[in-house]
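Residue-level structural notes
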Amino acid sequence: MSDLNVDSNLLEEVRHRLTLRDPNALAVESVANVISQYFDVEGKERPLEMIVDSATGVGKTYIMAGIMEYLAGAEDASRNFLLLAPGRTIRDKSVNNFTPGHPKSITHLLRSDPYVIDKNNFKSPATLAVMKDASRTKLYVFTVQALTSATGDGRETHEYQETLAGSFYQFLAGLDDLVILADEHHCYRGQAFARTIANLNPEVVIGVTATPDRRDENLIIFRYPLAAAIEDKFVKTPVLVARQDDRHDDRTKLLDGVTLLRAKERVAHSFCRENDLPLVNPVMLVIAENIGRADEFRDMFESSSFDGGRWQGSTLLIHSELTGEDKEDGLAALDAVEDPDSPVRIIIAVGMLKEGWDVKNVYVIASMRPSISDVLTEQTLGRGMRLPFGGYTDDEMLNTVEVLAHERYEDLLRRRESLNKSFVDHRVYFAARQTRDGRTVARRQTQEAPVTFEPTTELPRQVAETSEQGTEEATPAARVQSFQERVREAEERANEASGELREHFPILGRSPIQVPWVQRVAQARAVSLNQVHNMTPFSRLGRTLTSESDTALRRTVLAAEGGRIQARRAEDVVQATAFDLPFDELQRSLVESVMQVRGVERRAGEVVAAKAIVQAVVDAMGESAEASLSAYLDRASRRLQDLVAGQLRQFAGSDVTFSEEVRTNNLDKLRRAQRLHEDSHEGTFRRAVAYNDWKKNLYEFAWFDSSPEFRAAQAVDNDPSVVVWARLHRGDIPIMWTIEGREYNPDLVVIEEMDGARTCWLVETKMNREMTSAEVIAKRRAALTWANTVNNSGQANGRWRYLLLSEDDVADAAGSWTHMKGFGQ
């Protein structure tokens, strides 16, 4: 037995290359830790079986890809991976994910270059040659039925093949490094699956699922529950909607559903048009108890008497008893439901949508089962949780899924505690830990991850629209809301988004804005000096060295007193001869000291960043800089290295760094606004309005997400030092702020000139309570690193800076841009 043997550098490389989300990276790391704990530390025999429990919509495909990349890239590499699917839908989806050239393929991210082997090619001579090539990574993708039985779907895999001197099944069983990835693992319980595992004798079996069987709790080595996914904004936030009156018949419930669906559609279409995105058509998922009831609901929707015939020709019925062309047509329509040209707006399902359905545009779920608990405790809710725009938007309506309940609103409120319990779960992962005797082992860690259903009378968006101080932030808090209130707010938002679509270009003759573009470093880099944001410690070092400057020789008299030698300080002071080194040489020596800090790479941009750090020290020394550095060069170098290393240690391996290749383009994108246009920007802020009458805005009109953002723009527009400014939209200046690839755009870009110097500001406004949140802090760090990278590249016109303003900063500035710069961070 030995210590834990996990390649942390390889884990970090896989994380960066696949841009894994934090929970997915932790899942891969947990798998690596458990495998090494089982085989290296505990010395146990194969097979090792484990389960990764990850919430629907977070990215199980990337977890499996990350596991394969790590094990195939390890020193003792695995070359044979078997991906088991519960049925043809997931099997075909998995084949597409790992087939080069397919629109949904992720193979461009994979260094292992897996050769996909499935039912269509496992007998071909070319495939047989690859199967026998020990240097190639193979990914076998089959349904569990194709392997658990020698008849039916499994007949071909159990047939004798002369070229293999046995069956394909026997070939798999003979592999000494077989790793099984069991997608939707909860589907495989039973004697047949257990027998298959025993016969194949794999090295490792890794089940991946969002709903593990309770009997397999002891196998779970990683858990990322839906509650955590909601909290981390990886999935939509559920809103439970119930009526306050006594009308709970099916027709009323479905009418409620399509009412919300219509409002969501108008908001989604407006968002897509304004952001030049393909249209997203929200759909409603109706869950029926049985096929007979599903037929009734379809007939209701297709009737001319239901909602004026609005939904005729837009329903899709899907269930397990469909056969022949009806089944093929239904599955094809289901597969295309995200297509902007798809006519489907309502999907009626009985039981076929539990696994393998990754549609992102479900915005309303109407479960016709009697209890809302059935929806929350099954995988049904997961069918509507995926986000269609890659993340949360600025519009709350697009970040939520409406879940219609049979219960009355008051009954749901009384049951809040039991609903909350269904969402309280625990994160589980395995991390490396040191034992008392110094050994490294893997240990199980747990954290509670609750989501609370709260009653609400206002949506977060409404706060931003009606408050002069509020800043919108679509926070994921699950809610219980009355239908009457929810539909009123949804229709208000839809009406705001139903104006005429107008296009806006930059104003002719107005000073252009040149925006830099930098790429995030794709691979893990130890550190970058551009991550050094706080110059205060370096200024303090310069002042300290100056105050300590003393060229007197320390003279000590050794005198004989009472037969003993006593040391005492000499009274006379003698000044040492000053040997001042050339100032340029002193500065170069300090720059070299910074460049010698561990992890700093010798690149042009890093040298420029080092010079800026040294300049902060020199500036603080003032006129005595040359004399002080000549006297204390070694001390200054040592202290400077400690300060730089101290700041870099905070970010190493966790923060984003950027490439030194910087290019600039004029900000000249077309703006589209489907909202009310006003000729002035005076008066009370309203989120749904595009405002005019700006003196220095790059565009004629501008619209905003919050009152502080609007007030900051007004202050900027009135300041005499400002040359031009613009409200930033998606993709204008995208700053990647997480290593898994999440981007954001600040609120404003402001170009000002003072005393002949040009400063380019990126301005972000936030609510007071958000200023200390981990997300805001991480975004600020990334923006500061971005600005340092641009400034040190030598490619930018002007010096770029980042300004974070709280709502109080904006209010206290009272319309003064100068005061905002002084108050902000």
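Before any of the text, the structure's been laid out above.
Residues numbered from 1 in each chain as written. Predicted model: local features only at pLDDT ≥ 70, side-chain atom pairs only at ≥ 80, totals over all residues. Heavy atoms only, no water.

Counting 76 residues, the largest nonpolar core has Met50, Phe98 and Ile206 as its most contacted members. Here this core takes nine residues from helix α2 (residues 22-41), the largest share from any one element. Not counting the four nearest positions on each side in its chain, Met50 is found in contact with Val31, Val34, Ile35, Val204, Val205, Ile206, Gly207, Leu219 and Ile221. By size, the runner-up hydrophobic cluster in this structure holds 36 residues, among which are Ala294, Phe306, Trp311 and Met368. (Core = buried A, V, L, I, M, F, W, Y, C linked by side-chain atoms within 4.5 Å. Buried < 20%, exposed > 50% of the residue type's maximum accessible area, 1.4 Å probe, protein only. Helix = DSSP H or I, 4+ residues; strand = E, 2+ residues; numbered from the N terminus. Contact = heavy atoms within 4.5 Å.)

For the rest of this paragraph, the subject is the sheet that holds strand β33 (residues 748-754). Pairing is mixed across the open sheet formed by four strands, whose spatial order is β30-β33-β34-β35. Both edges of this open sheet fall to β30 (722-727) and β35 (799-806), since each of them pairs with a single strand only. Averaged over all adjacent pairs, the angle separating strand axes in this sheet is 20°, with direction ignored. Set on the sheet, helix α23 (residues 707-718) makes contact with β30, β33 and β34 (757-766); between it and β30 the angle comes to about 160°. (Pairing = 2+ DSSP bridges. Axes fitted to C-alpha atoms, helices over the stretch in contact; angles between N-to-C directions.)

In this section: the packing of aromatic side chains. Applying the stated criterion to the full structure yields 15 aromatic pairs. Here the aromatic rings of Phe122 and Phe142 are separated by 5.8 Å at their centres, their planes lie at 75°, and the arrangement is edge-to-face. Placement of the pair is Phe122 in the loop between β3 (115-117) and α5 (125-131) and Phe142 in strand β4 (residues 138-143), with a sequence separation of 20 residues. With respect to burial, Phe122 and Phe142 carry one shared label: buried. Ring geometry for Trp761 against Trp817: centres 5.9 Å apart, planes inclined by 85°, an arrangement best described as edge-to-face. Highlighted residues: Trp761 in strand β34 and Trp817 in helix α26 (residues 817-823), separated in sequence by 56 residues. There is no split in this pair, since Trp761 and Trp817 are both buried. Of the aromatic side chains, those joined through ring pairs into one cluster are Phe685, Tyr691, Trp694, Phe704, Phe710 and Trp725. Between Lys236 and the ring centre of Tyr363, over which it is positioned, the NZ or CZ distance is 4.7 Å. (Phe/Tyr/Trp six-rings, centres within 6.5 Å; stacked < 30°, edge-to-face > 60°. Lys NZ or Arg CZ within 6 Å of the ring centre and 35° of its normal.)

Two elements in contact, helix α11 (residues 250-274) and helix α12 (residues 291-301), have axes separated by 12 Å at closest approach and are oriented at 60°. Classified by the interaxial angle, the pair formed by α11 and α12 is oblique. In this structure, α11 crosses over α12, and the sense of that crossing is right-handed. For the pair α11 and α12, the contacting residues are Asp250, Arg251, Leu254 and Val258 in the first and Arg293, Phe297, Met300 and Phe301 in the second. When the residues that make up the contact of α11 with α12 are grouped by side-chain class, the tally is five nonpolar, no polar and three charged. (Parallel < 35°, antiparallel > 145°, perpendicular 65-115°, else oblique. Left-handed = near helix turned anticlockwise from the far one by under 90°. Nonpolar A, V, L, I, M, F, W, Y, C, P; charged D, E, K, R; others polar.)

Okay, unusual backbone geometry next. Backbone torsion omega between Arg46 and Pro47 reads 0°, so that peptide bond is classified as cis. Backbone geometry at Asp113 places phi at a positive 50°, although glycine is not the residue there. Locating Asp113 in the fold gives a position in the loop between α4 (88-97) and β3. With a phi close to 55°, Asp755 is a non-glycine residue in the positive phi region. With respect to the helices, strands and loops of the structure, Asp755 is situated in the loop between β33 and β34. Residue classification places Asp755 among the exposed positions, given a relative accessible area of 83%.

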